[in-house]
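Breakdown of the fold
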Amino acid sequence: LLDLDTGKVIEGRGAKTRMFPASMTKILTVLVAAEHIKSLDDEYEINEGIVKYVLENDCSNVGLDVGDKQTVKDLMYGTILKSGADAAIGLAEYVAGSQEAFVELMNQKVAELGLSGSAHFTNCVGIFDEDLYCTPLDIAIILKAAEENKLCHEILSTKEYTTSPTKAAPNGINISNLFIRRIEDKDTLGTVMGAKTGYVHQAGSCAASYEVSATGKHYICVTAKSWSSWRCIYDHVAIYTSFVDKTPEEIANEDSENIEASKEASKQ
């Protein structure tokens, strides 16, 4: 849990331990794209290579098919809300000509953020790769940079969006940010304003979220290794309710009480 107002990690377990970020990778994808796109109204046509990549790697997708034309705006929202690999790769090809060239831009951004010693990306989707890694703290810093970008902030905080028409969906495809919709009625001592989830076996269900507390403070929470998407939601709820708007003294006292309670439970 990162306090954005002080820049300090409030609480962390393995915050600097290498992990596989899965589709949390796509936060960096939209951040890099946002810094390079020419116009949100530009169109990009989905090609056979994109569809083949999605099928071969069993990726989550928006549902785009060969020949579908989507605006850059559609691709940006599809990358985050639906975690669409088809949208993410289309975005990468639009910006840099190929996913490989776009990944170079991603790693340049990582270096710019001062994370090149602990983070490295090999694709824009988050497909498992031994050479695609970062730490939970790295993801928090990437999300911080994304939230400071006006376009990315807007996309990450959107609950629902409808794409441009496709051959299979003449009225467009309706997509949702399920993390925000699932957590919005939970008490987190504030409002979760933005989020991106992920899943690969090696990372479990993971998520990064941005919250503004009831007192106006700003936090970013990153978790991994949950056994389900719903458990991931409750991980974030538990962390926010345990630490948001509390002084270091209050947190220390609670930690002490929890340790003592654990000792008593062990004796019993």
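The structure presented is a predicted model; accordingly, all values stated were derived computationally and were not measured.

1. Thoughts on the sheet that holds strand S8 (residues 204–213)
- If you trace the five strands from one edge of the open sheet to the other, you get S2-S1-S9-S8-S7, paired in antiparallel fashion. Every other strand in the sheet has two partners, leaving strand S2 (8–9) and strand S7 (190–200) as the edge strands with one partner each.
- Most of the contacts of helix H6 (residues 136–147) go to strand S9 (residues 218–226), to which it runs at about 140 degrees, and overall it touches strand S1 (2–3), S2, S7, S8 and S9.

2. Concerning the nonpolar core
- Ranked by internal contacts, the top residues of the largest apolar core, which has 70 residues, are Met76 and Phe102.
- For this core, the element with the highest residue contribution is helix H4 (residues 85–96), accounting for eight residues.
- Other than its neighbours up to four places away in sequence, Met76 contacts Val30, Ala33, Ala34, Leu91, Leu151 and Ile155.
- Counting 16 residues, the second largest nonpolar core, distinct from the first, contains Val192, Ala195, Cys232 and Tyr240.

3. Examining the pattern of salt bridges
- Enumeration according to the criterion identifies eight salt bridges in this entry.
- Between Lys109 and Glu35 there is a salt bridge; the shortest N-O distance is 2.9 Å. Separated by 74 residues along the polypeptide, Lys109 in helix H5 (residues 99–112) and Glu35 in the loop between helix H1 (25–34) and strand S3 (43–45) bring together distant segments of the chain.
- Through salt bridges with shared partners, one network takes in Glu35, Lys109 and Glu112.

4. Overview of unusual backbone geometry
- Of note, the phi angle at Asp58 is positive, near 50 degrees, even though the residue is not glycine.
- Within the secondary structure, Asp58 sits in the loop between helix H2 (48–56) and strand S4 (69–71).
- One non-glycine residue, Ser83, lies in the positive phi region at around 50 degrees.
- Structurally, Ser83 can be placed in the loop between helix H3 (72–81) and H4.
- On the basis of relative accessible area, Ser83 is assigned to the buried category, the value being 10%.

Definitions and cut-offs
- Residues numbered from 1 in each chain as written.
- Predicted model: local features only at pLDDT ≥ 70, side-chain atom pairs only at ≥ 80, totals over all residues.
- Heavy atoms only, no water.
- Pairing = 2+ DSSP bridges.
- Helix = DSSP H or I, 4+ residues; strand = E, 2+ residues; numbered from the N terminus.
- Contact = heavy atoms within 4.5 Å.
- Axes fitted to C-alpha atoms, helices over the stretch in contact; angles between N-to-C directions.
- Core = buried A, V, L, I, M, F, W, Y, C linked by side-chain atoms within 4.5 Å.
- Buried < 20%, exposed > 50% of the residue type's maximum accessible area, 1.4 Å probe, protein only.
- Salt bridge = Lys/Arg side-chain N within 4 Å of Asp/Glu carboxyl O.

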